[in-house]
Amino acid sequence: MTHTPRWPRSFVTASSALAVLLLVAGCDSVGEGVAPTGITIEPGFTGSERQREAAEEAFENGAPFEVTECLPAAMRVVLEFDNGSREDITRRSENVRYTSSNPAVLQVSNRDIPFLGDEEAVFPRGALLPIAPGTATVSVEFAGFRSSIDLQVNALGEIRPFVDFPDVIAPNSLAEVLADAVVQGQTTSVTTAAALRVEDVGGSDAGPFARVTTLSQRSFVRGLLPSPTQRATLDFALCDRQFSKEFRVAQIQELQIERRNDDGEPLAIGFSELLDATAVFEDGSTQPLNDQADFETEEDADNNVLLLLQVAGRSNSLVLGLSGQQDAAESCPEPGEGGQGTILARFDQDPSIAVPESELPDGAADQPEVESNRLPLTVRPGRAQAIRWRVEAGDGGERVLEIPQGCSVQPGVDGDIELLREDGTKVTVTRRIDREVNYLIGDETIDTSDPSDPDCDPVVDGGDEGSDNDTGDDAVTDDGDSATPDEDAAADEEEPEPVIEVVNRAALSSELRAGAITAVGEVGDEETVRAVLLQDPDLPGFDDGGAEPGEALVREDTLRVRIVEPADCAPLEGQADL
């Protein structure tokens, strides 16, 4: 859906010919002899797409632009010309002047307000700085033009600071500083609205022992050198709130790795699992290093049964079980029955790999690399006999999930996987398989041809050897019929607005948010989403499971999603129970 905002046009026509000449001379790409006609203020709406659209509609109908105390907001000032051209002049020059009718409630920057307590930096011109709940009017003047906008500052409520911040961190490790609060009905990180600083409580001259690091607008504390007590402080200067957390920097005594959910049975071929890496310190404190340790395999190159996958924000801590290979010399070798491999992890405590040595205290670059325990893993053939959404079925057997409008939920999919043990016996385990399934909305379909190597498939029903069918996510289609370009265009024009959006699995099953559903439709809308798992019917130790020749073995389950009234959106639990 493309939404074109229609902003109220509040401006004053210039009364000075000199101002017009100056404006035209100073503006780019508007054409010679073009005259400006006024300025317009466009609010910088935030939140989900649904929340932004609702805010825009309310603003068009005369409601004030709503912002939240403590959290800097944005607006855009646009200069309009008589030929229809528009130019953003929000930060153009000191000749664009901003004022607030109520500075005790909201201030606006003319590059004269320190940036979150940093006297050496200032907020950019036009930044809105909500101080306390209330109302204010912001006015803009530029070369004889004037425009204004009414704002309402809403209360932020309770801030939850230093979420899951450890008591001890390792040299060269990063500990993310998170502060949460409810904003526009959704629990959101508000860390970027605060100044973060670190100081030594004891006033030692041997430091610094830790430093603040910002990566992709996320705030971290990086350990540098084993230390006495340090203090991290989050300063929400705009609304005069401050929070502190004490911690230490210490060398790792032991690095431990394990399967995230170890049920004591082998990994299944074709299914992935998460690995955990934990730093253990001398006093028994721990720090998770899942996304910072480097995992590696120790195994026979001729029997590769473990593949480590790179995951955004999680290093390579996802392991995929492979079948191994019985005879690499054959052009189409028989699928293997898995095997055994070993995984270990390393973490380098030397911060000089990330920080210039000139900025480090003495001895920081001498911190040793640590190596984890060896984690032996067995991989065996396994087949999901059934899959189901992790949503309780109703009396009629239908699974229905209610999601507040604008919120996202990751319900998850379980698979009852039958494993073939090394001794020939079989056991069934239930595991979460979000990353292995495809997600189809409504009447979407997917190519179900055999996902094994098409060049090694036999001729089926007199057709050509092999297959050009794609069995990945790109194989998902709206319907099974081909269509002409004209028919496609007509279908696009008539396509209804979506009710839900679903994160599908990524290449090599590395998408940790796979299956997350966002309610983007209207309250009362309903839609179905199917979890579909395609499996190789030619699995050692198993029959074909009833699959048709040349077709994959399909397991699926259907979930009905119903959109309910907007509410506080619970944050996705990350991957705590994956």
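Check the entry above for the structure.
Conventions adopted
- Residues numbered from 1 in each chain as written.
- Predicted model: local features only at pLDDT ≥ 70, side-chain atom pairs only at ≥ 80, totals over all residues.
- Heavy atoms only, no water.
- Helix = DSSP H or I, 4+ residues; strand = E, 2+ residues; numbered from the N terminus.
- Buried < 20%, exposed > 50% of the residue type's maximum accessible area, 1.4 Å probe, protein only.
- Contact = heavy atoms within 4.5 Å.
- Areas by Shrake-Rupley, 256 points an atom, 1.4 Å probe, with all protein chains shown as cover.
- Pairing = 2+ DSSP bridges.
- Disulfide = S-S within 2.5 Å.
- Phe/Tyr/Trp six-rings, centres within 6.5 Å; stacked < 30°, edge-to-face > 60°.
- Axes fitted to C-alpha atoms, helices over the stretch in contact; angles between N-to-C directions.
- Salt bridge = Lys/Arg side-chain N within 4 Å of Asp/Glu carboxyl O.
- Lys, Arg positive; Asp, Glu negative; His and termini not counted.
- Polar contact = N/O pair within 3.5 Å; in protein donor to acceptor, adjacent residues only side chain to side chain.
- Patch = residues over 30% accessible without salt bridge, like charges linked within 9 Å, V, L, I, M, F, W, Y side chains within 5 Å.
- Charge placed at Lys NZ, Arg CZ, Asp CG, Glu CD.
- Expected span 1.5 Å × (residues − 1).
- Arc of directions from axis to C-beta.

A. Examining the overall build of the protein chain more closely. If you tally the helices and strands in the protein chain, you get 3 helices and 40 strands. Burial analysis of the protein chain (578 residues in total) assigns 44% to the buried set. For the protein chain, restricting intrachain contacts to residue pairs at least 6 apart in sequence, the fraction spanning at least 24 positions comes to 68%. Total accessible area computed for the protein chain in this model is approximately 28,400 Å², and 44% of it derives from carbon and sulfur atoms.

B. Quick peek at the pairing of strand β18 (residues 218-223). Most of β18 is tucked away: 5 of the 6 residues are buried. Note that strand β13 (residues 174-176) and β18 share 3 bridges and pair antiparallel. Bridging across to β18, E176 finds its partner in F220. The sheet contact formed by strand β17 (residues 210-215) and β18 spans 6 bridges and is antiparallel. Paired with T213 across the bridge in β18 is F220. Joining the antiparallel neighbours β17 and β18 is a turn of 2 residues, in which S216 adopts a positive phi near 50°.

C. How the structure looks around the state of the cysteines. Counting across every chain of the model gives 1 disulfide. The disulfide that involves C70 links it to C239, with 1.5 Å between the sulfurs. Its S-S torsion of about 95° marks the bond between C70 and C239 as right-handed, since a negative value means left-handed. Of this pair, C70 sits in the loop between β2 (65-68) and β3 (75-81) while C239 sits in the loop between β19 (230-236) and β20 (241-249), placing them 169 residues apart in sequence. The residues C70 and C239 share a single accessibility class, namely buried.

D. Geometry of the packing of aromatic side chains. Scanning the model with the defined rule gives 7 aromatic pairs in all. Taking the centre distance of 6.0 Å and the plane angle of 70° together, the rings of F45 and F59 count as edge-to-face. Highlighted residues: F45 in the loop between β1 (36-43) and α2 (49-60) and F59 in helix α2, separated in sequence by 14 residues. As far as burial versus exposure is concerned, F45 and F59 are alike and both buried. Relative to F165, the ring of F162 lies with its centre 5.9 Å away and its plane at 75°, an arrangement referred to as edge-to-face. Exposure remark for F162: the relative accessible area of 9% places this residue in the buried category. Given the relative accessible area of 6%, F165 is considered buried. The rings of F45, F59 and F65 are connected pair by pair, giving a single aromatic cluster.

E. Highlighting the sheet that holds strand β35 (residues 426-432). If you walk across this open sheet you meet the 3 strands as β31-β34-β35, and the pairing is antiparallel. Bordering the open sheet on either side are β31 (382-389) and β35, each of which pairs with just one other strand. Pairs of neighbouring strands in the sheet enclose a mean axial angle of 20°, with direction left out of account. Strand direction decides the pairing type here: β31 and strand β34 (residues 413-420), joined by 7 bridges, are antiparallel. Considered in β34, the bridge of A386 is made with D416.

F. Region of interest: the pattern of salt bridges. Summed over all chains, the structure comprises 36 salt bridges. A salt bridge links D263 to R259; the shortest N-O distance between them is 3.8 Å. A residue is classified by how much of its surface remains accessible, and D263, at 34% relative accessible area, is partly exposed. According to the relative accessible area criterion, R259 is buried, its value standing at 8%. Through salt bridges that share partners, R259, D262, D263, E273 and R431 make up one connected network.

G. Representation of the side chain of R222 in the model. Its place among the elements puts R222 in strand β18. Despite its burial, R222 pairs with no opposite charge, the nearest such side chain being E359 at 9.3 Å. Here N172 takes part through its side chain, which lies 3.0 Å from a polar atom of the side chain of R222. The residues touching R222, leaving out its near neighbours within four places in the chain, are I169, N172, S173, L174, F209, A210, R211, T213, A354 and V355.

H. Looking closely at the sheet that holds β19. Pairing is mixed in the open sheet, where 4 strands are placed in the order β12-β20-β19-β16. Edge positions in the sheet fall to β12 (168-169) and β16 (195-200), since each has one partner strand and no second. By the bridge criterion, 6 bridges tie β16 to β19 in an arrangement that is antiparallel. What sits directly across from D200, in β19, is Q230.

I. Geometry of a negative patch on the surface. On the surface, E49, E495, E497 and E501 cluster together into a negatively charged patch. In this fold, E497 is placed in the loop between α3 (485-494) and β37 (500-502).

J. Expanded view of α2. Between its terminal C-alpha atoms α2 stretches 16 Å, which fits the 16 Å expected from 12 residues at 1.5 Å a residue. Three or more residues of α2 are buried, namely E53, E56 and F59. The buried side chains of α2 occupy one side of the element, clustering within an arc of 125° when seen end-on. As for α2, its buried residues are in contact with β1, β2 and β11 (145-154). Looking one or two places after α2, you find G62, whose phi comes out positive at around 105°.

The analysis is restricted to geometry; functional conclusions fall outside its scope.
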